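What the coordinates show
Residue-level listing of the chains:
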Amino acid sequence: TDGKLLGEVLINQIIKARKKGGWKKYADLGKLGVDEFLYISSAMRELLPRHPWIRALLHEISLNQVKVVSTVHTALSDMKDKDAIN
């Protein structure tokens, strides 16, 4: 499916970016990989202006900072970076 393929492209971009530096730059390079993915994917370039919090969410995912969430009461159109990562 398209979603699975996008996920694989994202992971490959993160891995590729992290190969450019040592462990001290691991987090920053992971974020760079996410940003490269958001740039090369036309679907994500189209989605990002409408939902800019996607970048912050993917940055947290790249750092493996995923947590169990409580119920979200914010509509997608009103969501901000803080809502996406908390």
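Below or above, wherever it landed, is the structure these notes cover. Here the structure is a predicted model, which means the values were calculated and not measured.

Some thoughts on the overall build of the chain
Tallying secondary structure elements over the chain gives five helices and zero strands in all. Scored against the burial criterion, the 86 residues of the chain give a buried share of 27%. Within the chain, contacts between residues at least 6 apart in sequence are counted, and of these 49% link residues at least 24 apart. As presented, the chain carries roughly 6,400 Å² of accessible surface, and 57% of it is formed by carbon and sulfur atoms. Taken together, the 14 basic and 10 acidic charged side chains of the chain have centroids lying 7 Å from each other.

A short note on the pattern of salt bridges
Pairing between side chains of opposite charge can happen when the charged atoms of each approach one another. Counted under the stated rule, the structure contains three salt bridges. Here Lys-20 ties to Glu-36 by a salt bridge, and the two come within 3.5 Å at their closest N and O atoms. With Lys-20 in the loop between helix H1 (2-18) and helix H2 (26-40) and Glu-36 in helix H2, this residue pair connects regions lying 16 residues apart in the sequence. Take Lys-20: its relative accessible area is 52%, and that puts it in the exposed class. When its relative accessible area of 22% is taken as the criterion, Glu-36 is described as partly exposed. We note a salt bridge from Glu-46 to Arg-50, for which the minimum N-O separation is 4.0 Å. Residue classification places Glu-46 among the exposed positions, given a relative accessible area of 56%. For Arg-50, a relative accessible area of 52% corresponds to the exposed category.

Looking at the environment of Thr-74
On the secondary structure map, Thr-74 appears in the loop between helix H4 (53-62) and helix H5 (81-85). Exposure remark for Thr-74: the relative accessible area of 29% places this residue in the partly exposed category. Residues Thr-74 and Tyr-39, spaced 35 residues apart in sequence, show a C-alpha to C-alpha distance of 27 Å.

What about the packing of H2 against H4?
Where H2 contacts H4, the axes come no closer than 9 Å and their chain directions differ by 135 degrees. With respect to each other, H2 and H4 are oriented oblique. Regarding H2 and H4, the two cross each other, and that crossing is right-handed. Residues Gly-30, Lys-31, Val-34, Asp-35, Phe-37 and Leu-38 of H2 form the contact with H4, whose participating residues are Arg-55, Leu-58, His-59 and Ser-62. For the contact of H2 with H4, the class distribution of residues is four nonpolar, three polar and three charged.

Some thoughts on H1
Within an α-helix, residues lying three or four positions from one another point in the same direction, as the helix has 3.6 residues per turn. Spanning 17 residues, H1 covers 24 Å between terminal C-alpha atoms, matching the ideal 24 Å at 1.5 Å per step. Regarding H1, the residues found buried are Leu-10, Gln-13, Ile-14, Ala-17 and Arg-18. Down the axis, H1 shows its buried residues gathered within 130 degrees of arc, on one side only. Among the exposed residues of H1, those oriented more than 90 degrees off its buried face are Lys-4 and Lys-16. Contacts from the buried residues of H1 go to H2 and H4.

Conventions used here
- Residues numbered from 1 in each chain as written.
- Predicted model: local features only at pLDDT ≥ 70, side-chain atom pairs only at ≥ 80, totals over all residues.
- Heavy atoms only, no water.
- Helix = DSSP H or I, 4+ residues; strand = E, 2+ residues; numbered from the N terminus.
- Buried < 20%, exposed > 50% of the residue type's maximum accessible area, 1.4 Å probe, protein only.
- Contact = heavy atoms within 4.5 Å.
- Areas by Shrake-Rupley, 256 points an atom, 1.4 Å probe, with all protein chains shown as cover.
- Lys, Arg positive; Asp, Glu negative; His and termini not counted.
- Charge placed at Lys NZ, Arg CZ, Asp CG, Glu CD.
- Salt bridge = Lys/Arg side-chain N within 4 Å of Asp/Glu carboxyl O.
- Axes fitted to C-alpha atoms, helices over the stretch in contact; angles between N-to-C directions.
- Parallel < 35°, antiparallel > 145°, perpendicular 65-115°, else oblique.
- Left-handed = near helix turned anticlockwise from the far one by under 90°.
- Nonpolar A, V, L, I, M, F, W, Y, C, P; charged D, E, K, R; others polar.
- Expected span 1.5 Å × (residues − 1).
- Arc of directions from axis to C-beta.

Take it as geometry only, folks, not as evidence of what the structure does.
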